[in-house]
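Now for the letters of each chain:
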Amino acid sequence: MSEPNLWWLAVGALVALELLTGTFYLLMLGLGAAAAALAAHVGASVTAQLVWASLVGGGAVAVWHLRRSRGRSEPLAQANPNVNLDIGEVVQIGAWSPDGTAQVHYRGAAWTAIHRTGISPIPGAHRVAEMVGNRLLVDKS
């Protein structure tokens, strides 16, 4: 079997593995294998093919990793409404305890609500900003 065919089989295997695992980085490595296959088609040596596979595949992985890490502005899970559907919901607080907590009825159960540090608690409508353990961190709405 010719060298380009081996590289194309590697591309197919990497894409199939990515479809099974959902790891996007395998597609980037597949790009490197495709670059090596193209290099093999033009008659490059095995060493040059490996260099192309490493540079393109490794470079694509590095670029994708840097792009994802810089663009990550998503909040942590306890404050992310995509993870916790309680974030953003409104609760009514009748009175705050001296220890800075309040008991609220939310979703048919009793919850303990807390407020942010440095904010004076006042009764009324509050919006759930974050889940801290099994307590609701609320902001005045």
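Keep in mind that what you see is a predicted model, and the values were worked out from it rather than measured.

All right, on to the environment of Leu27 then. With respect to the element layout, Leu27 can be found in helix 2 (residues 25–41). The class of Leu27 is partly exposed, set by a relative accessible area of 26%. Separated by 17 residues in sequence, Leu27 and Ala10 have C-alpha atoms that sit 11 Å apart. The residues touching Leu27, leaving out its near neighbours within four places in the chain, are Val15 and Glu18.

Right, let's get into helix 3 (residues 46–70). Over its 25 residues, helix 3 runs 36 Å from end to end, which matches the ideal 36 Å to within 8%, given 1.5 Å per residue. Those residues of helix 3 lying buried are Gln49, Ala53, Gly57 and Ala60. Looking at the packing, one finds that the buried side of helix 3 touches helix 1 (3–21) and helix 2.

Take His126: it is sitting in strand 4 (residues 124–132). A distance of 3.2 Å separates a polar side-chain atom of His126 from the backbone oxygen of Ile122. Discounting chain neighbours no more than four positions away, the residues touching His126 are Glu89, Val90, Val91, Ile93, Trp96, Val138, Asp139, Lys140 and Ser141.

Moving on, we come to helix 2. Between its terminal C-alpha atoms helix 2 stretches 25 Å, which fits the 24 Å expected from 17 residues at 1.5 Å a residue. Taken residue by residue, helix 2 has Leu26, Met28, Gly30, Gly32, Ala33, Ala34, Ala35, Ala36, Ala37, Ala39 and Ala40 as its buried positions. In this structure, the buried residues of helix 2 make contact with helix 1 and helix 3. Once helix 2 ends, the next one or two residues include Gly43, with phi positive near 95°.

Our focus in this paragraph is the pattern of salt bridges. Close approach of charged atoms allows side chains of opposite charge to pair. Applying the stated rule across the entire model yields 2 salt bridges. The partner of Asp86 in a salt bridge is Arg107, with the nearest N and O atoms 3.2 Å apart. Highlighted residues: Asp86 in the loop between helix 3 and strand 1 (90–93) and Arg107 in the loop between strand 2 (101–106) and strand 3 (109–115), separated in sequence by 21 residues. Note on Asp86: relative accessible area 10%, which makes it buried. Residue Arg107 is classed as exposed on the basis of its relative accessible area of 57%. Residues Asp139 and Arg116 are paired through a salt bridge, measuring 2.8 Å at the closest nitrogen-oxygen approach. Of this pair, Asp139 sits in strand 5 (residues 135–140) while Arg116 sits in the loop between strand 3 and strand 4; the two residues are 23 residues apart in sequence, bridging distant segments of the chain. Note on Asp139: relative accessible area 24%, which makes it partly exposed.

Cut-offs and rules
- Along each chain, numbering runs from 1 in the same order as the chain's sequence is written.
- Where local features are concerned, this predicted model is filtered to residues with pLDDT of at least 70; where side-chain atom pairs are given and counted, the filter is 80 or more; whole-chain, interface and lining totals use all residues.
- Here the side-chain values reflect all heavy atoms present in the structure, with hydrogen atoms and water set aside.
- Elements are defined by DSSP. Helices are runs of H or I of four residues or more, strands are runs of E of two residues or more, and each kind is numbered from the N terminus.
- Relative accessible area decides the class of each residue, using a 1.4 Å probe on protein chains only: under 20% of the type maximum gives buried, over 50% gives exposed, and in between gives partly exposed.
- Whether two residues touch is decided by their heavy atoms; if any such pair falls within 4.5 Å, the residues are in contact.
- For a helix, the expected span equals 1.5 Å multiplied by the residue count minus one.
- Polar contact is the term for a pair of N or O atoms within 3.5 Å; when the atoms are in protein, one must be able to donate a hydrogen and the other to accept it, and sequence-neighboring residues count only if both atoms are side-chain atoms.
- Between Lys or Arg on one side and Asp or Glu on the other, a salt bridge is scored when a side-chain nitrogen of the former is within 4 Å of a carboxyl oxygen of the latter.

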